Amino acid sequence: MAVESARSVAREVVKNGPLSRSEVARRLDLSPASLTRLTKPLVDSGLLIEGEPQADPVHGRIARPLDVSDELRFVGVKVVLDAIYLVITNARAEILIERTAALPASDPDTVTSTISELIVAATAGFPEISGVGIALGGHSLDGQVVNMSRSLDWTEVPLAERVAALTDLPVTVENDVLALTQAQHWFGMGRGTSDFALITVGVGVGCSLVMHDRVVRREDPDTPTAGHFVIDRSGPMCSAGHRGCAIAYLSSGSIAQAASFGLGRPVSYEDVLGLASAGDVVARRVVDESADALGRLIASVSMLTGIQEILLSGEGIALAEIGSDAMQSGIARDRPEWARPLATRIERMDFSEWARGGAVVAIQRFLDNYPVEFAAARNAATASLRDESVPTLPGKIA
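Residues numbered from 1 in each chain as written. Predicted model: local features only at pLDDT ≥ 70, side-chain atom pairs only at ≥ 80, totals over all residues. Heavy atoms only, no water.

Details of the overall build of the chain
Item 1. When you go through the chain residue by residue, the secondary structure sums to 14 helices and 16 strands.
Item 2. Taken over the C-alpha trace, the chain has a radius of gyration of 24 Å; the compact-globule value for 398 residues is 21 Å, and the two agree within 12%.
Item 3. Expressed as lengths along the three principal axes of its C-alpha atoms, the size of the chain is roughly 85 × 55 × 35 Å.
Item 4. Buried positions account for 51% of the 398 residues belonging to the chain.
Item 5. For the chain, the exposed area adds up to about 18600 Å²; of that, 53% sits on carbon and sulfur atoms. (Helix = DSSP H or I, 4+ residues; strand = E, 2+ residues; numbered from the N terminus. Rg over C-alpha atoms; globule rule 2.2 N^0.38 Å. Buried < 20%, exposed > 50% of the residue type's maximum accessible area, 1.4 Å probe, protein only. Areas by Shrake-Rupley, 256 points an atom, 1.4 Å probe, with all protein chains shown as cover.)

Following this line, the structure appears as structure tokens:
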């Protein structure tokens, strides 16, 4: 229990710090004495540090707030069909460097070797890396094995073990939408919000929920995602032969295909958005129909879950800005007039932000497994040796 309480202190400081000791105690409902006992091994081991003295906002005394060490480094990876995106961050998921590598094929061996080579090259010269998080379109029950990835056509691939063997680093794998949700929950738009839904638009359509301050996990890989939620049964067909679902309306490929058909020439997703902004009638119609469908998806997610805060993101979320009026119309059309307006927030992002989600997963796994017991034992041994005038134990916790 004491070990988990100490880890809770570490998580609170990493997520919301710097914080005074009295504020940490208040947030976790701990006595000052308990907080002091739990904090000591975390500070002595170097995970947490004491900041510059300042007035305690609760008690008014001069105190040194707790913060996380700025020496920790984490790697985040995002896998797409034709590329690997990598970032290195600190413990607050602030991106320090970004790297990209082309992915010549999407089979497990090629993905494993490309990720590993990119990690080794990117981390050369960096101080010790504390963890790697890999985000991809797939499902993992244990953070180690990719049990199912329809986009990559994988089943039961031990990706974390393979990459760890080639990099000698602790590795965690996670669904990319869940990883992005964790990042938004701890360090992004959802910070300080206990209940929200994240809807992403891009190559695919994703939806993840945070309820009671916890990310809701989908344990069964054969449960359809929100991308196959039906918007209109008479709508367009998705690649799985499913008519009128969110993917058929909102994926970048579907939008580009619809506009290309109407214009009589091939155009990219970015072209469609640009043409719509410039007033092209066909592109504007496609964008507005898609944005209206996004609004209806938002309304459905809110009414089914009771969540009032909706975060909109993904590499294609400019759709929600360009088609803002149509999206709001779609939301209003499916909700009763007396319903409280939803709070929707939009954040554009590229694939480096998805990779940052992988880094946040690595940060969380690091904190969940931080060796508090060893830190406390080492501190006790060090104190004993000091009493006997023997040099202290060297080294950092691995």
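Some words on the packing of aromatic side chains
Item 1. All chains considered together, the criterion is met by 4 aromatic pairs.
Item 2. Aromatic pair Trp186 and Phe187: ring centres 5.9 Å apart, planes at 75°, arrangement edge-to-face.
Item 3. Assessed through its relative accessible area of 13%, Phe187 is described here as buried.
Item 4. Three or more aromatic residues joined by ring pairs make a cluster, and in this case those are Phe74, Phe366 and Tyr370. (Phe/Tyr/Trp six-rings, centres within 6.5 Å; stacked < 30°, edge-to-face > 60°.)

Some words on helix H9 (residues 269-277)
Helical periodicity: at 3.6 residues per turn, an α-helix aligns residues three or four positions apart in one direction.
Item 1. Those residues of H9 that sit buried are Tyr269, Val272, Leu273 and Ala276. All buried residues of H9 fall inside an arc of 95° around its axis, so they share one side.
Item 2. On its buried side, H9 packs onto strand E12 (196-201), helix H8 (252-263), helix H10 (281-305) and helix H11 (318-322).
Item 3. Looking one or two places after H9, you find Gly279, whose phi comes out positive at around 100°. (Arc of directions from axis to C-beta. Contact = heavy atoms within 4.5 Å.)

Focus: the sheet that holds strand E13 (residues 205-211)
Note: strands within a sheet are paired through backbone hydrogen bonds, in either parallel or antiparallel orientation.
Item 1. Pairing within the open sheet is mixed, and its 5 strands lie in the order E14-E13-E12-E15-E16. Of all the strands in the sheet, just strand E14 (214-215) and strand E16 (343-346) have a single pairing partner and so form its edges. (Pairing = 2+ DSSP bridges.)

Details of the side chain of Ser45
Item 1. Along the chain, Ser45 falls in the loop between helix H3 (32-44) and strand E1 (48-50).
Item 2. In terms of polar contacts, Ser45 uses its side chain to reach the backbone carbonyl oxygen of Pro41, at 2.9 Å.
Item 3. Within polar-contact distance, the side chain of Ser45 engages the side chain of Tyr370 at 2.6 Å. (Polar contact = N/O pair within 3.5 Å; in protein donor to acceptor, adjacent residues only side chain to side chain.)

Some details on the pairing of strand E15 (residues 309-313)
Item 1. Within E15, 4 of the 5 residues are buried, leaving the element largely enclosed by the surrounding structure.
Item 2. Relative to E15, E12 is paired through 4 bridges, and the arrangement is parallel. Residue pairing for E15: Ile199 is matched across the bridge by Leu312.
Item 3. Bridge count for E15 against E16 is 4 bridges, and the pairing is parallel.

Focus: the side chain of Ser208
Item 1. Mapped onto the secondary structure, Ser208 falls in strand E13.
Item 2. Residue class for Ser208 comes out buried when judged on its relative accessible area of 4%.
Item 3. Polar contacts involving the side chain of Ser208 include one to the side chain of Thr181, which spans 3.3 Å.
Item 4. Each residue touching Ser208, except ones within four places of it in the same chain, is listed here: Val177, Leu178, Thr181, Phe196, Ala197, Leu198, Val215 and Val216.

So, the sheet that holds strand E7 (residues 95-102)
Item 1. An order of E7-E6-E5-E8-E11 is seen for the 5 strands of this open sheet, with the pairing classed as mixed. Two strands bound the open sheet, and with one partner strand each, they are E7 and strand E11 (171-175). Mean inter-strand twist for the sheet, computed between neighbouring axes without regard to direction, equals 20°.
Item 2. Set on the sheet, helix H5 (residues 159-167) makes contact with strand E8 (129-136) and E11; between it and E11 the angle comes to about 145°.
Item 3. Strands in contact with helix H6 (residues 176-187) are strand E5 (73-79), E8 and E11; relative to E11, the strand with the most contacts, it is inclined by about 100°. (Axes fitted to C-alpha atoms, helices over the stretch in contact; angles between N-to-C directions.)

Quick notes on helix H12 (residues 324-333)
Item 1. Buried residues of H12: Ala326, Met327, Gly330 and Ile331, and no others. Buried residues of H12, seen end-on, are gathered within an arc of 140° and therefore sit on one face of the element. What points out from H12, more than 90 degrees from its buried face, is the exposed set Asp325 and Ala332.
Item 2. Residues of H12 that are buried in the fold lie against H10, E15, H11 and E16.

Focus: the packing of helix H1 (residues 2-16) against helix H13 (residues 351-368)
Item 1. Where H1 contacts H13, the two axes come as close as 9 Å, and the packing angle between them is 150°. Classified by the angle their axes make, H1 and H13 are roughly antiparallel. Across from Arg7, Ala10, Arg11 and Val14 in H1, the residues of H13 making contact are Ile363, Leu367 and Asp368.
Item 2. A breakdown of the residues in the contact of H1 with H13 according to their chemical character gives 4 nonpolar, no polar and 3 charged. (Parallel < 35°, antiparallel > 145°, perpendicular 65-115°, else oblique. Nonpolar A, V, L, I, M, F, W, Y, C, P; charged D, E, K, R; others polar.)

That's the geometry; what it means functionally is another story.
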